[in-house]
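# Structural overview for review
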Amino acid sequence: MVKKVILGGLALIIAIVVVFCVVVAMQPADFRIERTTTIAAAPDKVFEQVNDFHKWEAWSPWAKIDPSMTTAYSGPPSGVGSHYSWVGNDQVGAGNMEITASHPNERIAIDIQFLKPFEAKNMTEFTFKADGNKSVVTWSMAGKNNFIAKAFGMVMNMDKLVGADFEKGLGQLKTIVESGSGPVN
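In this report, the structure presented in the accompanying data block is examined. (Residues numbered from 1 in each chain as written. Predicted model: local features only at pLDDT ≥ 70, side-chain atom pairs only at ≥ 80, totals over all residues. Heavy atoms only, no water.)

## Notes on a nonpolar patch on the surface
A contiguous nonpolar patch, built from Leu10, Ile14, Val18, Val22 and Met26 and spanning about 480 Å² of accessible area, is present on the exposed surface. Mapped onto the elements of the fold, Met26 is located in the loop between α1 (2-25) and β1 (30-39). (Patch = residues over 30% accessible without salt bridge, like charges linked within 9 Å, V, L, I, M, F, W, Y side chains within 5 Å. Areas by Shrake-Rupley, 256 points an atom, 1.4 Å probe, with all protein chains shown as cover. Salt bridge = Lys/Arg side-chain N within 4 Å of Asp/Glu carboxyl O. Helix = DSSP H or I, 4+ residues; strand = E, 2+ residues; numbered from the N terminus.)

## Notes on the packing of aromatic side chains
On inspection of all chains with the given rule, the structure shows 15 aromatic pairs. For the pair Trp59 and Trp139, a centre-to-centre distance of 5.7 Å together with 80° between the ring planes defines the contact as edge-to-face. Here Trp59, found in the loop between α2 (43-50) and α3 (61-65), pairs with Trp139, found in strand β7 (residues 134-144); they are 80 residues apart in sequence, far enough to count as distant. With relative accessibility at 0%, the residue Trp59 sits in the buried group. Overall, the relative accessible area of 2% leaves Trp139 in the buried class. Both rings, one in Trp86 and one in Phe114, keep their centres 6.1 Å apart while their planes meet at 75°; by these two values the pair is edge-to-face. Here Trp86, found in strand β3 (residues 83-87), pairs with Phe114, found in strand β5 (residues 107-116); they are 28 residues apart in sequence, far enough to count as distant. Classification of Trp86 by relative accessible area gives buried; the value is 7%. What links up through ring pairs into an aromatic cluster is the set Phe53, Trp56, Trp59, Trp62, Tyr73, Tyr84, Trp86, Phe114, Phe126, Trp139 and Phe166. (Phe/Tyr/Trp six-rings, centres within 6.5 Å; stacked < 30°, edge-to-face > 60°. Buried < 20%, exposed > 50% of the residue type's maximum accessible area, 1.4 Å probe, protein only.)

## Description of unusual backbone geometry
Put simply, Lys116 and Pro117 share a cis peptide bond, and its omega is 0°. Note that Pro117 resides in the loop between β5 and β6 (120-131). Positive phi, close to 65°, is recorded for Asn105, a residue that is not glycine. Position of Asn105 relative to the elements: it lies in the loop between β4 (94-103) and β5. Judged by relative accessible area, which is 32%, Asn105 ranks as partly exposed.

## Brief notes about the sheet that holds β7
What the seven strands build is an open sheet, ordered β1-β7-β6-β5-β4-β3-β2; its pairing is antiparallel. Strand pairing shows two members of the sheet lacking a second neighbour, β1 and β2 (70-74), which therefore form its edges. Pairwise comparison of adjacent strand axes, ignoring direction, gives a mean angle of 20° for this sheet. Two strands pair when backbone bridges link them, and β5 and β6 are joined in this way by eight bridges, in the antiparallel orientation. Bridge pairing in β6 links Ile112 to Asn122. In this fold α2 packs onto β1, β4, β5, β6 and β7, with an angle of close to 160° to the strand it touches most, β6. (Pairing = 2+ DSSP bridges. Axes fitted to C-alpha atoms, helices over the stretch in contact; angles between N-to-C directions. Contact = heavy atoms within 4.5 Å.)

## Description of the side chain of Arg35
Position of Arg35 relative to the elements: it lies in strand β1. By relative accessible area, which is 15% here, Arg35 ends up buried. Those residues within four positions of Arg35 in sequence are excluded, and the remaining contacts are Val137, Thr138, Trp139, Asp159, Lys160, Gly163, Phe166, Glu167 and Leu170.

## What about the pattern of salt bridges?
Pairs can form between side chains of opposite charge once their charged atoms are near each other. One pass over the structure, following the stated rule, counts four salt bridges. When the shortest N-O distance is used, the salt bridge between Glu34 and Arg32 registers 2.9 Å. The exposure class assigned to Glu34 is partly exposed, which follows from its relative accessible area of 38%. In this structure Arg32 comes out as partly exposed when scored by relative accessible area, which is 46%.

## Structural notes on the pairing of β3
Only one face of β3 is covered, namely the one carrying Tyr84 and Trp86; the face carrying His83, Ser85 and Val87 has none of its residues buried. Of the strand pairs in this sheet, β2 and β3 are connected by five bridges, and their pairing is antiparallel. Residue pairing for β3: Tyr73 is matched across the bridge by Tyr84. Bridge count for β3 against β4 is five bridges, and the pairing is antiparallel. The residue bridging His83 from the neighbouring strand is Glu98, located in β4. Here β3 folds back onto β4 in antiparallel fashion, the turn holding six residues, of which Gly93 has a positive phi close to 65°.

Put into structure tokens, the structure is as follows:
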């Protein structure tokens, strides 16, 4: 009798794990997170803040989460080939970014590699569109979820989580550009 109960319980646990794995595996691999804001400035003013990693500390939402985060820069000071790497606490992790496309006042593409807490390679993009004397700025990130990221996404809404950081960063970028108080490198 005890054997039957134990075997029945074990079979139930195995069935639950199998069903969970199948459900996770069926989740979409591709993802895209995107947020947009309007900034009262010409696209060139916004573009220069994003195209230079040295200026990110002033508006990046993650720089505020871990003020003792270590950063390093390499390559040209701005534009294509610029590199930025970081190592921080558990909330910001570690990784690196490289600007792979830079079309003045229109678009910046960045390859981003997360090393900690989870490994991932994604593509981030900023677009800038003039709207009268304002700029419509869109920050997006796209990539593919592995099995662990798919499972994590079933319990945490990554669009809301990362999207909230994008909104905060765009808000800080807006404040800096509109006030003219951005770093001058």
